[in-house]
Amino acid sequence: MDVMHLRIYEVDVPIHDTNHPDRHGVHVFTGQADSRSAAVRIAHEVYDAARAAREAGLEIPHDRPDGWGACGYRPGWELNWKAATAGQWNNPYSWTRADDGDFDL
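By convention here, each chain's residues receive numbers from 1 onward along its written sequence. For a predicted model such as this one, the threshold for reporting local features is a pLDDT of at least 70, and the threshold for listing and counting side-chain atom pairs is 80 or more; totals across whole chains, interfaces and linings nevertheless cover every residue. By convention in this description, side-chain values take in all heavy atoms of the structure and omit both hydrogens and water.

### Re the side chain of D66
Looking at where D66 falls in the secondary structure, it is placed in the loop between α1 (36-55) and β3 (77-79). Throughout this description, a polar contact denotes any pair of N or O atoms lying within 3.5 Å of each other; where both atoms belong to protein, one of them has to be capable of donating a hydrogen while the other can accept it, and for residues adjacent in sequence the pair is counted only when both atoms sit in side chains. At 2.7 Å, the side chain of D66 forms a polar contact with the side chain of R64. At 3.2 Å, the side chain of D66 and the backbone nitrogen of W68 are in polar contact. Contacts between residues were defined by any pair of non-hydrogen atoms, one from each residue, lying within 4.5 Å. The residues contacting D66, other than those within four sequence positions of it, are G31, Q32 and I42. Secondary structure elements follow DSSP: runs of H or I no shorter than four residues count as helices, runs of E no shorter than two count as strands, and numbering proceeds from the N terminus.

Okay, structure coming up:
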C-alpha cells in the first residue's frame, strides 16, 4: 500500500483594503497538501468558505482534518490570488527548522 506523505505548506496572499489603498499586507494560510498548486487551491477554498459563512451571518468554519482553516474574515479587504505564493512551511519554533545561521544559544 502506497502512503502519500503530505507536507505542510504556507500560502502567502497579498491583501489590500479597498477603502484605504495605502493599507496592505499579506494573508497567510497553512495546511497539508501534496503540491504548491494544491495548497493555493485549498487556501482559496478555505477563504471562500469563510467569506460565504460570514456574509450569511454564520460562524466561520475552521479546523478541517487536513489542517486548513480560517480564523477570521475582513470585509473590505481583497486578496490577490493571482499573486499568491506557496512553499513548504518551516515551523519557527522547531529545532529542525532551516535557519539562516543567525541563531545564538
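Don't stop here, the text continues.
### A look at the packing of aromatic side chains
To describe a pair of aromatic rings, you give the distance between the ring centres and the angle between the ring planes. Any two of the Phe, Tyr and Trp rings considered here, Trp counted by its six-membered ring, make a pair once their centres fall within 6.5 Å; the pair's planes then place it as stacked at under 30 degrees, edge-to-face at over 60, or tilted in between. Here the structure, examined in full by the defined rule, presents three aromatic pairs. Here Y47 and Y73 contribute two aromatic rings whose centre-to-centre distance is 5.9 Å and whose plane-to-plane angle is 50 degrees, an arrangement assigned as tilted. A residue pair is termed long-range when its members are at least 10 positions apart, and Y47 in helix α1 and Y73 in the loop between α1 and β3 qualify at 26 residues. When a residue's accessible area, from a 1.4 Å probe over protein chains only, is under 20% of the maximum for its type it is buried; when over 50% it is exposed; and in between it is partly exposed. By relative accessible area, which is 7% here, Y47 ends up buried. In this structure Y73 comes out as buried when scored by relative accessible area, which is 15%. Chaining the aromatic ring pairs together yields one cluster made of F29, Y47, Y73 and W81. Two conditions define a charge located above a ring, namely a distance within 6 Å from the ring centre to NZ of Lys or CZ of Arg, and an angle within 35 degrees of the ring normal. Against the face of W77 rests R74, its NZ or CZ located 5.4 Å from the ring centre.

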